[in-house]
Amino acid sequence: KGRRMASFPALIVVADEHSSRLFLRRAAGAGLVELVDYADTADLREHEDPAPSALVRTGGRSRVKPQAQRTREELQIFMRHAASRVDQAMAAEHGASLAIVAPPLVLGYLRDFIASRTRDKLVHESCNDLIKLPAAEIDAAMRGVKL
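Caption draft 1: Just the pattern of salt bridges, in detail. Counted according to the given criterion, the structure contains five salt bridges. One salt bridge connects R111 with E125, and the closest N-O pair in it is separated by 2.9 Å. Residue R111 is found in helix α3 (residues 104-113), and its partner E125 is found in strand β8 (residues 122-126); the two are separated by 14 residues along the sequence. Between R143 and D139 there is a salt bridge, with its nearest N and O atoms 3.2 Å apart. Residue R143 and its partner D139 are both found in helix α5 (residues 135-143); the two are separated by four residues, about one turn of the helix. Through salt bridges that share partners, R25, D139 and R143 make up one connected network.

The following block contains the structure:
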């Protein structure tokens, strides 16, 4: 959904539960530039983040956590990390507006985990899954939303 008109430079984050990519459009009509230094992966070992414990205590006894709960906790760790990369890129590139393109759950986490100063610049969000597309196709898709 659009909140206001995009201003430039505009950052576009494209993500799913496995990875995130950031792109920059410096001016209206300019091509997208992929910011490869801000790309991220959900591999927690690469970030040296500890994986969530596989155990949970219930009624004084330890038991194995359900897989769905572990998966959700791992996704939240990755989304916090990806959101911090978005915040860093917005500051470094003097981003004036932000777009997030991701499946619904990922989009919600990114929106929640980015800093408020970054969230204030959010002008577009979309539940599309574009992560595996080449940069040229992502560029074409984002031109359709005037960003």
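Caption draft 2: Inspection of α5 at higher detail. Three or more residues of α5 are buried, namely I138, D139 and M142. In a view along the axis of α5, the buried residues occupy a sector of 105 degrees, so they form one face of it. In α5, the exposed residues that point more than 90 degrees away from the buried face are A136 and A140. Along its buried surface, α5 packs onto β1 (10-15), β2 (19-25), β7 (97-101) and β8.

Caption draft 3: Representation of the nonpolar core in the model. Judged by nonpolar contacts, the single largest core of 24 residues is most densely connected at L11, L22, L98, I100 and L110. Of the residues forming this core, the biggest block, eight residues, is contributed by helix α2 (residues 67-92). Aside from chain neighbours lying at most four places away, what touches L110 is V13, A15, M79, A82, A83 and I100. Listed in part, the 13 residues of the second largest apolar core include A10, I12, V14 and V123.

About the criteria used
Residues numbered from 1 in each chain as written. Predicted model: local features only at pLDDT ≥ 70, side-chain atom pairs only at ≥ 80, totals over all residues. Heavy atoms only, no water. Salt bridge = Lys/Arg side-chain N within 4 Å of Asp/Glu carboxyl O. Helix = DSSP H or I, 4+ residues; strand = E, 2+ residues; numbered from the N terminus. Buried < 20%, exposed > 50% of the residue type's maximum accessible area, 1.4 Å probe, protein only. Arc of directions from axis to C-beta. Contact = heavy atoms within 4.5 Å. Core = buried A, V, L, I, M, F, W, Y, C linked by side-chain atoms within 4.5 Å.

This is a description of form; function is not addressed.
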